[in-house]
Amino acid sequence: MHSAAELAWLIPLFPLLGAVVVGLGLISFNRRINQVRKPVAISLVSCIGISAIFSYAVLWEQLRGVPPVEHLFVWASAGNFTIPMGYVVDPLGAVMLALVTTIALLVMIYSHGYMAHDKGYVRFFTYLALFSSSMLGLIVSPNLLEIYVFWELVGMCSYLLVGFWYDRDGAAHAAQKAFVVNRVGDFGLLLGILGLFWATGSFDFNGIALGLSEAVDIGAVPGWAALTLCLLVFMGPMAKSAQFPLHVWLPDAMEGPTPISALIHAATMVAAGVFLVARLEPLYSHFPVVGLVIAVVGTITCFLGASIALTQMDLKKGLAYSTVSQLGYMMLAMGCGAPVAGMFHLVTHAFFKAMMFLGSGSVIHAMEAVVGHEPILAQDMRLMGGLRKKMPITAITFFVGCIAISGVPPLAGFWSKDEILGQAFNTYPILWLVGLLTAGLTAFYMFRLYFLTFEGSFRGNDENLQKQLLADAGKEIEDEEHHSAGTLHESPWSMTSPLIVLAVPSVLIGLLGVPWNSKFSFLLNPVEAIEAAEKFHFGEFLTLAGASVAISFTGIIIAVMAYGLNRIDLKKLFAERFPSINSFLSNKWYLDDINEKIFVKGSRRLAREVLEVDAKVVDGVVNLTGLLTLGSGEGLKYFETGRAQFYALVVFAGVIALVALFGVLGPT
Amino acid sequence: MDANLLLTSASQSSFPWLSLIVLLPSLGALVLAVLPENEEKNPNLSRNFALTFLLSDFLLMLAVFGRLFKNHQEGLQLIERYNWVPSIGLEWSLGADGISTPLVILSGLITLLAAAASWKLKSKTKLYFALLLVQASAQALVFLSQDFLLFFLAWELELVPVYLLIAIWGGKRRLYAATKFILYTALASLLILISGLALALSGDSFTLNLNELTNKSFNGGLSLFCYLGFLVGFGVKLPIFPLHTWLPDAHGEANAPVSMILAGVLLKMGGYALLRFNVQILPEAHMQLAPALIVIGIVNIIYGALNAFAQDNVKRRIACSSVSHMGFVLLGIGAINSLGISGAMLQMISHGLIAAAMFFITGVFYERTNTLSIPNMGGLAKVLPITFAFFLASSLASLALPGMSGFISELTVFLGVTSQENFTSVFRAITILIAAIGLVLTPIYLLSMCRRVFFGPRIPALATIEEMNPRELTIGLSLVIPTLVIGFWPRIAIDLYETSTNAIAQKLTEHSFISLTQVLPFG
């Protein structure tokens, strides 16, 4: 009899097989596959279902204390060098496996309703299966190189799914941006992996950690170099988990279908960065400076996300910035040397944020019946309001999510966020203060979202407002698509039932991590858990928890006053008094503009100039036509300006300098 | 080594299988030439005829290399040596080892698919397919020849069909592009010939046999001179900066099937010859100049990528991306260890498949839209979703996505450079840093091309065009599936050449690594 962990390699394989078979079918027999969309979708869902069963079996075994399992095989080789691949199952992985399969399964059931009328229904399910497979593969990866493989694959799935509606320009740009920004992170990650391999000869997590600390101790690798390598590896998680300044892709990624925003861009893939940092804990624990950098980056991200979320009018973008902010909390925990706390927040956040995203999808689904399929209208909260009466299940579950994320005890978010803040208080008090402030902002913007969407009166039929919104977005007003025929209605059972299922852990799962008896940390790190339980003081806990509960309620009360009861007018009170701050926030700290100006335009200009050099100088010199064009008037004109000579000089000086430099530095 | 000994040794093949592989397509071309002219009556005759010959040649390759070629045996196999023109020492000498075998199979596959991709060709079909068959013979001879003069003849012979294929069936500026191609390669050939003959004549004995040349030792000045001659000569084909400018022109003007051959076969000849001549025959000079090769390699990677980003024509953009990807081959060869050389080999195989796939798909939508200008396109995915899937898949493969062959090859090259202890840490760090910037640039130019060509709202004018047909699907899958298989299980490809690349690397370690500073005057 095999133990479940021995069979863990099957977990990513089932969805992969499903995706490959259906994918090849879609390419070869497109029409026929699309005719049998339902059986195809059911079989893909079953693939994930089987993986989920295996994952729970694995988790059950880990809970019973079965030792971790690791298996390796040789994937590629050259000379006496080999690249090992394989799988590993340990408590951390088991938790993630169960989490990812659960949410993937629920999102797939939900998608059956949400994508019912979409032409790409089967393609959507195929991508979902492919994504699940890659994500599960990432979790069971035993070394950095294999992590990198799946890391890029989940990035690709994200690209495909953000650009799922490929006829929308917004989606096309967002998908490309997501991929490229993630590649920037992966660039660092790859350099880090190569560098660590150079320093330690290993890709294995523990091998790297031991090897690097030894190498630094005996002086084989200078301290600064080791530090650089650690930080380079951290670039990967920064991009994937949307940490400042590489977070810019995540809000744009909301162009994808909403189930994707829930699964990939809230619950699972974006958490992969946090997961990787947790995996690298043995390495990072040797370098306190790295911990500090991670904590600071996490705190900046956490505050940035929350502050931008304050002014968002697009429901999904609001939630996206909230995700950015919450990911910041998780990174803060990692930086404080408390991976268990970070992972715990990852788990709780996955449940309630997935629920809220699916809830927003339900809202958008309903809005589309009224305002049409233009996302600028269907997602704008200025056109919503009063939806609670029409769609009570969505509203109630969303409300549960709001109190969970705001940190109201005893819901999930309270326990996990408080754990992080407690750790930060003991490690970096200043960062704790920022985190605490952000908790207040969080409570405020979440309830702002809730009130604008579900309470008050419905504003969706306001034609003037619709026209104005379209005009602001620079879109043309299409009259024919603009017949508000439908009425608001609650979504079908396939969409509401996942919401209800997700509401249960959003309320209860926090109780697994109460600080005096944390079952969660006992699973991940029993030694630390016993220590923590022994050191636990109710007095200290109550003070810190009291502070965060108090600030949460302050945020909630302000939101209720402003948007629920309309007692205070924030526009007059704040926006008009501090217009610069307001525009700073609503322009997302101007980061997108800076990015556009420096990197996008800069790289385009550079490429154009290189091409000009290529066409006029390199080609010319090699062709010896430079001499010929000199004779003709045009060539003379070109040369008179001096640009050609200048370019030629730069190119050749550059090449010679490089050769000379490497000649001196190159061989030992 | 005594030539007679080799001739009588047991490794001499009992049946001239390699000659059959080389000559079968030529035979087809000959028969095609004497077939009666009946283009009007039966326009598809020459196409079907050529396809039959190319397919049987490809199957023959698979059978011969599958059954008779032993992966784990070092040195040449299936050797054939016959005196041809004894007065000048020319021999018909063929043999296969790990670095020629995969490339022969690759070029056989690409040529077969290129012929299948020329299905709808209408003008001068007989000449066209005859040239394809000649090209198939010449390229196999390049990879299999073990005699320098024979190699050189094949190298020159293969220029003719490619020149004509571009000059007759190309686009508007086809003559300019074809002339540029022939000028570049012909001048480069001169350097190859001089260098090769210099090596053959040096020392006490005259020999043209590559194996014997490998065992000869040359004095420093001569070997350095010949190395540079070869580098420039083969570098034009690879291509290396600054000798690459013929490539975008050739690709821009050639039709899609010829582009498939250019990218899938011709560029690989450059890499193959660098390994065969520069690395195997002149290991000492190679050890001296390896850092320079790496510098050129990273210039290729970055320069090609930036050029690609600025190109507004789909095929020219892919051509520039080839320049960038071939930089990794140089990097791998320059890393002078088994990892690096293995990576360079795999990069050639992988790029051959991927670039051919991209050019093929480009041809598919060009046949339907009649434009290659990126700014004039958009929204193609709406009407051609499957074409889009193929183009996206090959773009992703090209940008080294794991699970596709490009990833493992570029990774192996990176690891090769990283683990080369003969370079200083600073040199390795700078090399890898700059080369890795290429990994960021690749998605920028490839995905922005995908976005501008395929994404976006539908264009009404394109509403009536048809999706890929089963023939095109088969061609596409024949290129994409091997890419995926190698990406998932790279040992399928690596096993073919590993013994050979290890042996080359092993031989390099016998030569001391001499600092460039002792060689270059200004060092």
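Calculation criteria
- Residues numbered from 1 in each chain as written.
- Chains lettered and ligands numbered in written order.
- Predicted model: local features only at pLDDT ≥ 70, side-chain atom pairs only at ≥ 80, totals over all residues.
- Heavy atoms only, no water.
- Helix = DSSP H or I, 4+ residues; strand = E, 2+ residues; numbered from the N terminus.
- Rg over C-alpha atoms; globule rule 2.2 N^0.38 Å.
- Buried < 20%, exposed > 50% of the residue type's maximum accessible area, 1.4 Å probe, protein only.
- Domains from an automatic or database assignment.
- Contact = heavy atoms within 4.5 Å.
- Buried area = accessible area lost by both parts, 1.4 Å probe.
- Salt bridge = Lys/Arg side-chain N within 4 Å of Asp/Glu carboxyl O.
- Polar contact = N/O pair within 3.5 Å; in protein donor to acceptor, adjacent residues only side chain to side chain.
- Nonpolar A, V, L, I, M, F, W, Y, C, P; charged D, E, K, R; others polar.
- Patch = residues over 30% accessible without salt bridge, like charges linked within 9 Å, V, L, I, M, F, W, Y side chains within 5 Å.
- Areas by Shrake-Rupley, 256 points an atom, 1.4 Å probe, with all protein chains shown as cover.
- Lys, Arg positive; Asp, Glu negative; His and termini not counted.
- Charge placed at Lys NZ, Arg CZ, Asp CG, Glu CD.
- Axes fitted to C-alpha atoms, helices over the stretch in contact; angles between N-to-C directions.
- Parallel < 35°, antiparallel > 145°, perpendicular 65-115°, else oblique.
- Expected span 1.5 Å × (residues − 1).
- Left-handed = near helix turned anticlockwise from the far one by under 90°.

Chemist: What is the right way to read the overall build of chain B from this model?
Modeler: In terms of regular secondary structure, chain B is built from 22 helices and 2 strands. Computed over C-alpha atoms, the radius of gyration of chain B comes to 22 Å, within 12% of the 24 Å expected from 2.2 N^0.38 for 523 residues, which places it in the range of a compact globule. In terms of principal-axis extent, the alpha carbons of chain B reach across some 70 × 60 × 40 Å. Here chain B holds 523 residues, and 68% of them are scored as buried.

Chemist: Explain the domain arrangement of chain B here, please?
Modeler: One widely used convention gives an interface's size as the accessible area the parts lose upon coming together. Residue and element names in this part refer to chain B. What the domain assignment reports for chain B is domain 1 (1-157) and domain 2 (158-519). Centre-to-centre, using C-alpha coordinates, domain 1 lies 22 Å away from domain 2. If you look at the interface, domain 1 gives 57 residues, while domain 2 gives 61 residues. Across the domain 1/domain 2 interface, buried area totals approximately 5,100 Å², and carbon plus sulfur atoms make up 71% of it. Counting the surface domain 1 buries against domain 2, the share from its top three residues, Ile99, Phe148 and Trp155, is 17%. Counting across the interface, domain 1 meets domain 2 through 3 salt bridges. Applying the counting criterion to the domain 1 and domain 2 interface returns 15 residue pairs in polar contact (both at pLDDT 80 or more). Residue assignment for the side of domain 1 that touches domain 2 shows that the elements contributing at least two residues are α1 (3-8), β2 (90-96), α4 (101-117), α5 (125-144) and α6 (148-157). The dominant element in the side of domain 1 that touches domain 2, judged by the number of residues it contributes, is α4, at 12 residues. Taken together, the residues of the side of domain 1 that touches domain 2 sort by class into 33 nonpolar, 16 polar and 8 charged.

Chemist: How do you make sense of a positive patch on the surface when you look at a structure like this?
Modeler: Taken together, the side chains of Lys597, Lys601, Arg604, Arg605 and Arg608 of chain A define a basic patch exposed on the protein surface. Among the secondary structure elements, Arg608 of chain A is positioned in helix α29 (residues 591-623).

Chemist: Quick question: what am I supposed to make of the pattern of salt bridges here?
Modeler: Residue and element names in this part refer to chain A. In total, this model carries 19 salt bridges over all chains according to the counting rule given. Here Lys177 and Asp592 are joined by a salt bridge, their closest N and O atoms 3.1 Å apart. Within this pair, whereas Lys177 is found in helix α7 (residues 169-200), its partner Asp592 is found in helix α29, the two being separated by 415 residues in sequence. Of the two residues, Lys177 and Asp592, both sit in the buried class. Linked through salt bridges whose partners overlap, the residues forming this network are Lys177, Asp252, Lys588 and Asp592.

Chemist: In this structure, what is going on with the side chain of Arg276 of chain B? I would like to understand it.
Modeler: Residues and elements named next belong to chain B. One can find Arg276 in helix α12 (residues 256-281). Residue classification places Arg276 among the buried positions, given a relative accessible area of 4%. Within the local environment of Arg276, its side chain forms a polar contact with the side chain of Asp97, the two groups lying 2.8 Å apart. Once you skip the residues sitting within four places of it in the chain, Arg276 turns out to touch Asp97, Ile99, Ser100, Gln146, Leu210 and Ile281.

Chemist: Looking at this structure, how should I read the side chain of Thr397 of chain A?
Modeler: Residue and element names in this part refer to chain A. Examined against the element boundaries, Thr397 turns out to sit in helix α19 (residues 392-406). Relative accessible area serves as the criterion here: at 5%, Thr397 is assigned to the buried category. Sequence-distant contacts of Thr397, defined by excluding residues within four places in its chain, comprise Met355, Leu499, Ile500 and Ala503.

Chemist: How should I be thinking about the packing of helix α1 (residues 10-28) of chain A against helix α3 (residues 37-63) of chain A in this particular structure?
Modeler: Pairs of packed helices are described in terms of their axes, by the angle between the two and the distance that separates them. Residue and element names in this part refer to chain A. In the contact formed by α1 and α3, the axes pass within 8 Å of each other and the chain directions differ by 170°. Classified by the angle between their axes, α1 and α3 sit roughly antiparallel to one another. Here α1 contributes Leu10, Ile11, Phe14, Pro15, Gly18, Ala19 and Val22 to the contact with α3, which in turn contributes Val40, Leu44, Cys47, Ile48, Ile50, Ser51, Phe54, Ser55 and Val58. Taken together, the residues of the contact of α1 with α3 break down into 13 nonpolar, 3 polar and no charged.

Chemist: Explain the interface of chain A and chain B here, please?
Modeler: Between chain A and chain B, the contact holds 66 residues from the first and 80 residues from the second. Both faces considered, chain A and chain B share a buried interface measuring about 6,400 Å² in area, 75% of it formed by carbon and sulfur atoms. Scanning the region where chain A abuts chain B turns up 1 salt bridge. The salt bridge partner of Lys382 of chain B is Asp167 of chain A, with a shortest N-O separation of 3.0 Å. For the interface between chain A and chain B, the tally reads 11 residue pairs in polar contact (both at pLDDT 80 or more). Contributing elements (two or more residues each) for the side of chain A that touches chain B: α1, β1 (69-78), β2 (81-89), α6 (144-162), α7, α29 and α32 (643-665) of chain A. For the side of chain A that touches chain B, the element with the most residues is α7 of chain A, which contributes 14 residues. Among the residues making up the side of chain A that touches chain B, the classes are represented as 46 nonpolar, 12 polar and 8 charged.

Chemist: Teacher, can you tell me more about a nonpolar patch on the surface here?
Modeler: On the surface, a cluster of nonpolar side chains totalling about 750 Å² of accessible area is made up of Val20, Leu24 and Phe73 of chain A together with Ile481, Leu484, Val485, Phe488, Trp489 and Ile492 of chain B. Here the nonpolar patch gets 4 residues from one element, more than from any other, and that element is helix α20 (residues 470-488) of chain B. The residue Leu24 of chain A is located in helix α1 in this model. Taking relative accessible area as the criterion, Leu24 of chain A reaches 39% and is therefore assigned partly exposed.

Chemist: Teacher, can you tell me more about the environment of Leu421 of chain A here?
Modeler: Within the secondary structure, Leu421 of chain A is located in helix α20 (residues 412-427). Not counting residues up to four positions away in its chain, the partners in contact with Leu421 of chain A are Tyr329, Trp432, Gly435, Leu436 and Ser548 of chain A.

Chemist: Hey, could you run me through α1 of chain A in this one?
Modeler: An α-helical segment advances 3.6 residues per turn. Residues three or four places apart therefore align on the same side. Taking 1.5 Å per residue as the helical rise, α1 of chain A with its 19 residues ought to reach 27 Å, and the 27 Å between its terminal C-alpha atoms agrees with that figure. Burial in α1 of chain A covers these residues: Leu10, Ile11, Pro12, Pro15, Gly18, Ala19, Val22, Gly25 and Leu26 of chain A. Against α2 (30-35), α3, α4 (91-114) and α5 (121-140) of chain A together with α17 (385-398) of chain B lie the buried residues of α1 of chain A.

Chemist: Got a minute to help me understand the packing of helix α10 (residues 220-237) of chain B against α12 of chain B in this structure?
Modeler: Residues and elements named next belong to chain B. Between α10 and α12, the shortest axis-to-axis distance is 7 Å and the interhelical angle comes to 165°. The angle between α10 and α12 falls in the class roughly antiparallel. In terms of crossing hand, the pair formed by α10 and α12 is left-handed. In this structure, α10 contributes Tyr227, Phe230, Leu231, Phe234 and Lys237 to the contact, and α12 contributes Leu266, Leu267, Met269, Gly270, Ala273, Leu274, Phe277 and Asn278.

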